[in-house]
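Examination of the molecular architecture
Letter by letter, the chains look like this.
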Amino acid sequence: MSATVPALPYPFSFDPATTALVVIDMQRDFLEPGGFGESLGNDVEQLRRTIAPTEALLAGCRELGLFIIHTREGHLPDLSDCPPAKLRRGKPSMRIGDPGPRGRILIRGEEGHDIVDELAPQPGEPVIDKPGKGAFYATELGDLLAEKGITSLVVVGVTTEVCVHTTVREANDRGYECLVLSDCVGSYFPEFQRIGLEMVAAQGGIFGWVATSTDFMAALREAEVPV
């Protein structure tokens, strides 16, 4: 059954049976006080404001049986999947793999690499570990979506202008229709947040659509979702 959400640049229509919620990189190192993001001088409250609406969104999507996927950015402990150019970036004491406030920075298995408790994946919800900014590069995401018959993605997470944008652009090139929920994505920089959302919906929806989580959930509740 098709559902329609009020959105920019125009209403977004989707079939819940072929739609997935993709939650991008809601990790401790990026969102929690004392984490890697804050150690670089960022205001984590700019990202933490997304936790409550995303928690409510997850609860509603789980109740209605929508397919949910989580992602985490990070690397293998030996850094064999981290390109040298990426490894060299940052301050000398704050590079990927260095000791950080919550373990080695952006290393799989470390405390800071995991998803915040409020948004922890539930059993049966796939977690995609990605070495890049986008969720498709060097991951099994494309195969998983094809296996499930997914054609539309509802994308939330952090940060708006980096990992969310990269994933939406990659998805757009692969033929997926993408809806970004504005209250469930965040940036450390308010101006990047505003412009990032405008860019998604610009030129008639060059990368996708933008709506709120409350409008999306209202549309989802009006549709029948197979559980």
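Just so you know, these numbers come straight off a predicted model, no measurement behind them.

Rules used throughout
Residues numbered from 1 in each chain as written. Predicted model: local features only at pLDDT ≥ 70, side-chain atom pairs only at ≥ 80, totals over all residues. Heavy atoms only, no water. Helix = DSSP H or I, 4+ residues; strand = E, 2+ residues; numbered from the N terminus. Rg over C-alpha atoms; globule rule 2.2 N^0.38 Å. Buried < 20%, exposed > 50% of the residue type's maximum accessible area, 1.4 Å probe, protein only. Contact = heavy atoms within 4.5 Å. Areas by Shrake-Rupley, 256 points an atom, 1.4 Å probe, with all protein chains shown as cover. Lys, Arg positive; Asp, Glu negative; His and termini not counted. Charge placed at Lys NZ, Arg CZ, Asp CG, Glu CD. Salt bridge = Lys/Arg side-chain N within 4 Å of Asp/Glu carboxyl O. 1 Å grid on protein atoms, 1.4 Å probe; cavity = no way out; pocket = protein on both sides within 12 Å on 5 of 7 lines; lining within 4 Å. Points joined across faces, edges and corners; volume = space filled by probe spheres on them. Nonpolar A, V, L, I, M, F, W, Y, C, P; charged D, E, K, R; others polar. Right-handed = clockwise from strand over helix to strand, strands pointing away. Pairing = 2+ DSSP bridges. Phe/Tyr/Trp six-rings, centres within 6.5 Å; stacked < 30°, edge-to-face > 60°.

Regarding its fold elements, the protein chain presents nine helices and ten strands. Its C-alpha atoms give the protein chain a radius of gyration of 17 Å, within 12% of the compact-globule value 17 Å for 227 residues. C-alpha atoms of the protein chain, sized along the principal axes, occupy 50 × 35 × 30 Å. Going through the 227 residues of the protein chain one by one, you find that 51% of them count as buried. Pairs at least 24 residues apart make up 74% of the contacts formed inside the protein chain by residues separated by at least 6 positions. For the protein chain, the exposed surface amounts to about 9,800 Å²; the carbon and sulfur share of it is 54%. Of the charged side chains in the protein chain, 20 are positive and 33 negative; the average position of the first set lies 7 Å away from that of the second.

Turning next to the pattern of salt bridges. According to the stated counting rule, one finds 15 salt bridges in the structure shown. A salt bridge links Glu73 to Lys133; its shortest N-O distance comes to 3.2 Å. Note that Glu73 is positioned in strand β4 (residues 67-73) and Lys133 in the loop between β7 (127-130) and α6 (141-148), a separation of 60 residues in sequence. Taking relative accessible area as the criterion, Lys133 reaches 33% and is therefore assigned partly exposed. By sharing partners, the salt bridges in this structure join Glu32, Arg102 and Glu111 into a single network.

In this structure, the largest pocket spans a volume of roughly 560 Å³. Along its surface, the largest pocket is lined by 23 residues, and Phe30, Phe36, Leu40, Leu106 and Lys133 are the ones closest to its centre. Elements with a minimum of two residues in the lining of the largest pocket: α2 (36-39) and α7 (160-173). Split by residue class, the lining of the largest pocket holds eleven nonpolar, four polar and eight charged.

What follows concerns the pairing of strand β9 (residues 177-186). Among the ten residues of β9, seven are classified as buried, and the element is accordingly described as predominantly covered. Each parallel crossover has a hand, and for strand β8 (residues 152-158) linked through α7 to β9 it is right-handed. Bridge count between β9 and strand β10 (residues 209-211): three bridges; the pairing is parallel. Note on β10: the bridge partner recorded for Leu179 is Trp209.

Turning next to the packing of aromatic side chains. Enumeration according to the criterion identifies six aromatic pairs in this entry. For the pair Phe12 and Phe14, a centre-to-centre distance of 5.9 Å together with 20 degrees between the ring planes defines the contact as stacked. Its relative accessible area of 0% is what places Phe12 among the buried residues. Under the relative-accessibility criterion, Phe14 is labelled buried at 3%. Members of the aromatic cluster, each reached through a chain of ring pairs, are Tyr10, Phe12, Phe14, Trp209 and Phe216.

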